[in-house]
Amino acid sequence: MNAFDLSPLRPRLPSPLEPVEDERLARRGLTLLLKRDDLIHPDLPGNKWRKLALNLRAADGRPVLTFGGAYSNHLRATAAAGRLLGFPTIGVVRGDELAGRPLNPSLARCAADGMRLEFVDRATYRAKGDPATLAALLERAPAETYVVPEGGSNALAVHGCVELGRELAEAADVVAVACGTGGTLAGLAAGLSPGQRALGIPVLKGGFLDAEVRALQEAAFGGVLGDWALDERFHCGGYARTGPVLEAFAQDFEARHGLAIERLYVAKMLYGLVTLAEEGAFPAGTRLAAVVTGAPEPTSPPDGSQGLSGPDPDTP
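Residues numbered from 1 in each chain as written. Predicted model: local features only at pLDDT ≥ 70, side-chain atom pairs only at ≥ 80, totals over all residues. Heavy atoms only, no water.

## Digging into unusual backbone geometry
- Across the junction of Leu13 and Pro14, the peptide omega takes the value -10°, indicating a cis bond.
- Phi at Cys236 is positive, roughly 60°, even though this residue is not glycine.
- Its place among the elements puts Cys236 in the loop between β9 (228-230) and α10 (244-257).
- Overall, Cys236 belongs to the partly exposed group, its relative accessible area being 26%. (Helix = DSSP H or I, 4+ residues; strand = E, 2+ residues; numbered from the N terminus. Buried < 20%, exposed > 50% of the residue type's maximum accessible area, 1.4 Å probe, protein only.)

Next up, the structure:
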């Protein structure tokens, strides 16, 4: 591993672990802790820092090309890292129909941070892992560009998320985290101590994440590690889909605890955790930890213009 300096980012590590008094859990003999990874860094919050840090060291200041949807937290974090550390960034965005339209708040933030946006059609985006497709994208990029996959999830990202589990050692019995591409869960589970369990709440439908998490752990560690499981019931119809039930839950949680809740990941994870508790899934005395992986997304572009309405429904 090279020594590319990330110290100018000054991440807040370990992230705070805050107890929360919630009567829905307390009446069942359960305790809740919030692992405030959203406070790690204002521009690279939560699992975005943990998944990007080792990849940025590997890139060693070279240009970084990565992938995401129109409202991708990962694209925003990568663009911010490029601005703060002084390397070029390229974001390959799903949906060529977006080219030429006003940028939505997320993409406007990426552009303001210096990211070059390339909009590709859905067929090209689906084939992004194909060597020929990737080679064509890299032909338009600077020499020696370093590629980070969609959502930042690769073996280096998994190793970066191991520290999340280590920070929670002995603090909780069950640790819940929202899952998009699976990298955070893969590392978290490997970093937990024996007797601790990781619970992943997928925010996309499709039932593919079990295989993805296993593949990521195989790539990172040579085998499946840790005690982990997925509960696929709380995606609310798919990525970027919420609905009135989730919105009511999130607003209630915010009112109870004074914490703004990000809707596409964190709200679904908390909704799943509280629902499971009310179903009796955890015995009395269980200590629950919920990883707050990010903050609410920006609501307006940096220049105040009106962006596209509605998030990309399919891509993290």
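Still more ground to cover, so stick around.
## Topic: the nonpolar core
- Core analysis: the biggest nonpolar cluster contains 35 residues, and Leu270 and Phe282 have the highest contact counts within it.
- Put simply, the parts of the chain that give this core at least two residues each are β2 (31-35), β7 (174-179), β8 (197-202), α10, α11 (263-278) and β10 (287-291).
- Per-element accounting of this core gives the leading share, 10 residues, to α11.
- Not counting the four nearest positions on each side in its chain, Leu270 is found in contact with Leu34, Phe249, Phe253, Ile261 and Ala290. (Core = buried A, V, L, I, M, F, W, Y, C linked by side-chain atoms within 4.5 Å. Contact = heavy atoms within 4.5 Å.)

## A look at the sheet that holds strand β3 (residues 64-68)
- One open sheet holds the four strands; their spatial order is β5-β4-β3-β6, and the pairing between them is parallel. Unpaired on one side and paired on the other, β5 (116-120) and β6 (146-147) mark the two borders of the sheet.
- Relative to β6, β3 runs parallel, the two sharing two bridges. By the bridge assignment, Val64 is partnered in β6 with Tyr146. (Pairing = 2+ DSSP bridges.)

## Remarks on the packing of aromatic side chains
- Applying the stated criterion to the full structure yields five aromatic pairs.
- Judged by centre distance (5.8 Å) and plane angle (85°), the ring pair of Phe234 and Tyr271 falls under edge-to-face. Taken together, the residues Phe234 in the loop between β9 and α10 and Tyr271 in helix α11 connect sequence positions 37 residues apart.
- Owing to a relative accessible area of 4%, Phe234 belongs among the buried residues under this scheme. (Phe/Tyr/Trp six-rings, centres within 6.5 Å; stacked < 30°, edge-to-face > 60°.)

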